[in-house]
Amino acid sequence: MNENLRIKRVIQRCGCDAVLPFALVYILYIILHGHLSPGGGFQGGVLMAGVVILLYLGHGFEATVDALSYHTLHKSEGVASVAYVALALMGVAAGAQFCQNILYTHGSIGDLYSSGTIFWMNVVVGVKVITGIGSISLLMISLLAGKDIDTTD
């Protein structure tokens with residue numbers, strides 16, 4: 001391999017590794033503070049595509065697939081969907097409406113946990129979008145790399 005190309009790959013890997021933790025913390029911040037500021041579960045979850053691309057650019061296809069298992073992401077998306085429906089049904093169980101905020105009496109205004117059920121729904125939406133976008137990004141990267149992800153269980 002060309003020495004110049006090897007040096008460029010090392011620089012690219014180190015750059016991706018330097019940005020990756022900040023991207024993950026930013027995603028977590030956007031998801032957890034979605035009820036207090038612009039952002040939320042969907043916006044934070046969509047940023048996961050950037051994390052998948054950083055992993056791919058820095059470490060290649062095999063390392064990305066090993067770090068983010070397609071099957072685990074796909075199953076976690078289903079679990080997040082069920083969790084959202086369970087949170088939404090809490091309102092019905094309490095004698096209110098579907099998706100009604102019934103835990104709003106907990107927390108002080110402006111605190112991280114101050115919006116009751118909305119906070120938990122926001123987090124679950126973030127997990128659902130992270131897993132969905134992550135699995136779609138893995139499939140797109142597999143097409144780009146010309147390799148196959150075994151999508152059968």
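Residues numbered from 1 in each chain as written. Predicted model: local features only at pLDDT ≥ 70, side-chain atom pairs only at ≥ 80, totals over all residues. Heavy atoms only, no water.

Colleague: An account of the packing of aromatic side chains is requested, with residue identities and associated values reported.
Modeller: On inspection of all chains with the given rule, the structure shows 1 aromatic pair. Between Phe119 and Trp120 the ring centres are 5.0 Å apart and the planes differ by 80°, which places this aromatic pair in the edge-to-face class. Overall, the relative accessible area of 7% leaves Phe119 in the buried class. Under the relative-accessibility criterion, Trp120 is labelled partly exposed at 40%. (Phe/Tyr/Trp six-rings, centres within 6.5 Å; stacked < 30°, edge-to-face > 60°. Buried < 20%, exposed > 50% of the residue type's maximum accessible area, 1.4 Å probe, protein only.)

Colleague: Talk me through the state of the cysteines; I want residue IDs and the actual numbers.
Modeller: Inspection of the entire model under this criterion finds 0 disulfides. In this structure Cys14 is a free cysteine whose sulfur lies 9.5 Å from that of Cys16, the closest cysteine sulfur available. Take Cys16: its relative accessible area is 8%, and that puts it in the buried class. (Disulfide = S-S within 2.5 Å.)

Colleague: Tell me about the nonpolar core, and please be specific about residues and values.
Modeller: Formed by 20 residues in total, the largest nonpolar core has its most connected members in Met48, Val51, Val52, Leu68 and Leu138. For this core, the secondary-structure elements that each account for two or more residues are helix 1 (3-32), helix 3 (48-59), helix 5 (70-93) and helix 6 (117-145). Excluding its chain neighbours within four sequence positions, the residues that come into contact with Val51 are Leu20, Ala23, Leu24 and Ile27. Listed in part, the 5 residues of the second largest apolar core include Ala80, Leu87, Ala88 and Val124. (Core = buried A, V, L, I, M, F, W, Y, C linked by side-chain atoms within 4.5 Å. Helix = DSSP H or I, 4+ residues; strand = E, 2+ residues; numbered from the N terminus. Contact = heavy atoms within 4.5 Å.)

Colleague: Got a sec to walk through the pattern of salt bridges? Specific residues and values, please.
Modeller: Pairing between side chains of opposite charge can happen when their charged atoms approach one another. Inspection of every chain in the model, using the stated rule, returns 2 salt bridges. Between Glu62 and Lys147 there is a salt bridge, and its shortest N-O distance comes to 2.5 Å. Here Glu62, found in helix 4 (residues 61-67), pairs with Lys147, found in the segment after helix 6; they are 85 residues apart in sequence, far enough to count as distant. Under the relative-accessibility criterion, Glu62 is labelled partly exposed at 44%. The partly exposed category is assigned to Lys147, whose relative accessible area is 39%. Lys128 is the salt-bridge partner of Glu77, the closest N and O atoms lying 3.0 Å from each other. Here Lys128 lies in helix 6 and Glu77 lies in helix 5, a separation of 51 residues in the sequence. Among the residues examined, Lys128 registers a relative accessible area of 29% and is labelled partly exposed. (Salt bridge = Lys/Arg side-chain N within 4 Å of Asp/Glu carboxyl O.)

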